[in-house]
Amino acid sequence: MSTAPARTARLSAATTPAGALLHPRTLTPADTGIVHLGLGNFHRAHQAVYTAAALAREDGPWGILGVAGRATGVADALRAQDLRYTVAEVSPDGLRCTVPAVHTGVLVAAREPEQVQRALTAADTRVISLTITENGYTYSPRTGGLDLDHPGIQADLRGNRTAPQTTLGRIVRALQERAATHGAPLTVLSCDNLVGNGNHTRRLVEEFTAHLPTGEREELSAWLAAGNVTFPNTMVDRIVPATTDAERTAVAEALGVRDEVPVPAEPFTMWVLEDRFAASRPAWEAGGALFTDDVEPYELLKVRLLNGTHSLIAYLGALTGCDTIPQSTAQPFVTDAARAVLLGEYLPSLTVPDDIDLDAYVDRLFTRWSNSALGHRTRQVGSDGSAKLRQRIPDPALLHLRAGRMPHHLALTVAAYLCCLAPSPGFDPGEHAAAMTDPARDRLTALRARTADGPAFATAVLDDGLLGDALPEHPEFALRTGEFIDLIHTRGTRAAAAEAAGS
Ligand code: CS2
């Protein structure tokens, strides 16, 4: 997998250059205080870096046991490297390599389910944190609540306590065990791009608990009601692409050691959290985290201005042959569409927090998106659109529709997504769109096959609940989305964007 010369030593505890370490101590399994579900790149370049800064400021029991869901590659590579990896901060000015060294173990839930349950249940585990992506929450886009039709949820509600299949199942079974044994309080910390991510996680945990068979749920319900588990809301931000050989080579050159699983990341990073921790927490403010009573304004700002606009940039870019987000934003028509959706349609739907300088924030977003050294791919941002757009589009769209305004660029976002995922026969959305993964792809393709034109297709998709159950009350939104679909198919993506701009 590596392109570094084979004789370069592998990264390990012994070979980590001391100057790259973000904190001074070598952690052991006894230092574990956090079990993190979702061992992806984002976690390793975000929470892990803040945790290293916290440990550099004050020592504490905040080592992280990282749990991958299914994939074994990262976990096994980390084990072969004494749990060390590099964060390769990439900017047009160059590369900065650091090694957080905060993990005390790694597990793969599908392979080592019992060990995962033991770790989640351990009294020393004070925080269970999550970066499982929007998709990992097994919620129904239509209702926003737990997806009781999900086969994994059904199995976990009935199934054994030691090897649940879903994240919700793992958490609730561990909470049951905690309530029944030591009763040590716990914080469940969602770090995913869901609006009200803590509240949302609490709702899903409570719904899962409520559906457990009688005799299994009473003790846990009472324990939860007594406030033993908190679910702070958080806003997380850092653009973290997938790893390529380019980072492996660059890290080998910069550090002189071979890291099979470095994480590329932009220099910018932000974390805003509610300070509601049931059993203390690391001093994450040492890494710049902001603690506040009200995270929602920051979450809305980020999920709409950054993530929502990002989706439009990804889909317009993919449809015009762009591999990366910077290539997409280099096209003036994409920048114009991004500005229009951001300023004209997302911004009016939120209140900007007092400490945010909006002009600087927006300028920085465009600078971040044009970081060509980072190479963030349109297919990565465009993947799982069915779960992502549910968070980004409906509320702002409804605000405009209820006021009698058509949010043309939100409709264009949905249209471009649908053209990437379920193009009509004869329309080729290109290789980047084809490479997007999405659990809804088959369903969307089936709906497309059953409908005659763009408006009928978009209406069928929205009636199916893709963006919740309120948008179908405004059929004009589906019609507008469908017109853009037909325009993209017949006259091209640029023409559709020009039509949105002129509306
Ligand atoms: C992106 C995010 O993939 C996506 O949907 O919008 O991963 C984005 O890069 C991060 O949220 C930035 O913090």
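Treat the numbers as computed from the prediction; the structure is a model and nothing was measured.

## As for the overall build of the protein
Each helix and strand in the protein was counted, giving 22 helices and 12 strands. Against the globule reference of 23 Å for 503 residues, the protein gives a C-alpha radius of gyration of 23 Å, in line with a compact fold. For the protein, the spread of C-alpha atoms along the principal axes amounts to about 60 × 60 × 45 Å. Of the contacts formed within the protein by residues at least 6 apart in sequence, a portion of 79% connects residues at least 24 apart.

## Focus: the site of the ligand
For the ligand, the full set of nearby residues is Asn193, Asp237, Arg238, Ile239, Leu306, Asn307, His310, Gln380, Val381 and Lys388. Listing elements by their share of the shell around the ligand, those giving two or more residues are α10 (296-319) and α14 (378-382). With three residues, the single largest contributor to the shell around the ligand is α10. Per-class residue counts for the shell around the ligand are three nonpolar, four polar and three charged.

## A few points about the sheet that holds strand β4 (residues 94-98)
Reading across from one edge, β4-β3-β10 is the order of the three strands in this open sheet, with mixed pairing throughout. Of all the strands in the sheet, just β4 and β10 (263-265) have a single pairing partner and so form its edges. Adjacent strand axes in the sheet meet at a mean angle of 25 degrees, parallel and antiparallel pairs treated alike. Examined bridge by bridge, strand β3 (residues 87-91) and β4 share five bridges and lie antiparallel to one another. Each residue of the ladder has a partner; that of Val87, found in β4, is Thr98.

## Some words on the packing of helix α21 (residues 475-491) against helix α22 (residues 493-502)
Across the interface, α21 lies against α22 with an axial gap of 7 Å and an inter-helix angle of 140 degrees. The orientation of α21 relative to α22 falls into the category oblique. The residues of α22 that touch α21, namely those facing Phe484, Leu487, Ile488 and Arg491, are Thr493, Ala495, Ala496, Glu499 and Ala500. Its residues assigned to classes, the contact of α21 with α22 comprises six nonpolar, one polar and two charged.

## Focus: helix α9 (residues 245-255)
Those residues of α9 that sit buried are Glu247, Arg248, Ala250, Val251, Ala252 and Leu255. Residues of α9 that are buried sit in contact with β3, β4 and β10. At the C-terminal side of α9, Gly256 shows a positive phi close to 75 degrees.

## Focus: the UniProt feature "domain: Mannitol dehydrogenase C-terminal" (unreviewed entry) in the protein
UniProt feature "domain: Mannitol dehydrogenase C-terminal" (unreviewed entry): in the numbering of this structure it lies at residues 294-446. Secondary structure within residues 294-446 divides into 67% helix and 0% strand; the distance between the first and last C-alpha atoms comes to 42 Å.

## Describing the sheet that holds strand β2 (residues 63-68)
With parallel pairing, the six strands of this open sheet are ordered in space as β5-β2-β1-β6-β7-β8. Single-partner strands in this sheet number two, and they are β5 (103-108) and β8 (229-230). Here helix α3 (residues 73-80) sits on the sheet in contact with β2 and β5, set at roughly 145 degrees to β5.

## Digging into the nonpolar core
With 147 residues, the main nonpolar core has Ala337, Leu412, Ala415, Ala416, Leu418 and Cys420 as its most contacted residues. Ranked by the residues each element gives to this core, the list is headed by α10, at 13 residues. Each residue touching Ala415, except ones within four places of it in the same chain, is listed here: Thr481, Phe484, Ile485, Ile488 and Ala496.

Reading guide: rules and limits
- Residues numbered from 1 in each chain as written.
- Predicted model: local features only at pLDDT ≥ 70, side-chain atom pairs only at ≥ 80, totals over all residues.
- Helix = DSSP H or I, 4+ residues; strand = E, 2+ residues; numbered from the N terminus.
- Rg over C-alpha atoms; globule rule 2.2 N^0.38 Å.
- Contact = placed C-beta atoms within 7 Å.
- Near = placed C-beta within 6 Å.
- Nonpolar A, V, L, I, M, F, W, Y, C, P; charged D, E, K, R; others polar.
- Pairing = 2+ DSSP bridges.
- Axes fitted to C-alpha atoms, helices over the stretch in contact; angles between N-to-C directions.
- Parallel < 35°, antiparallel > 145°, perpendicular 65-115°, else oblique.
- Buried ≥ 20, exposed ≤ 12 C-beta atoms within 10 Å, placed from the backbone.
- UniProt positions renumbered as here; feature names shortened; annotations may be inferred.
- Core = buried A, V, L, I, M, F, W, Y, C linked by C-beta atoms within 7 Å.

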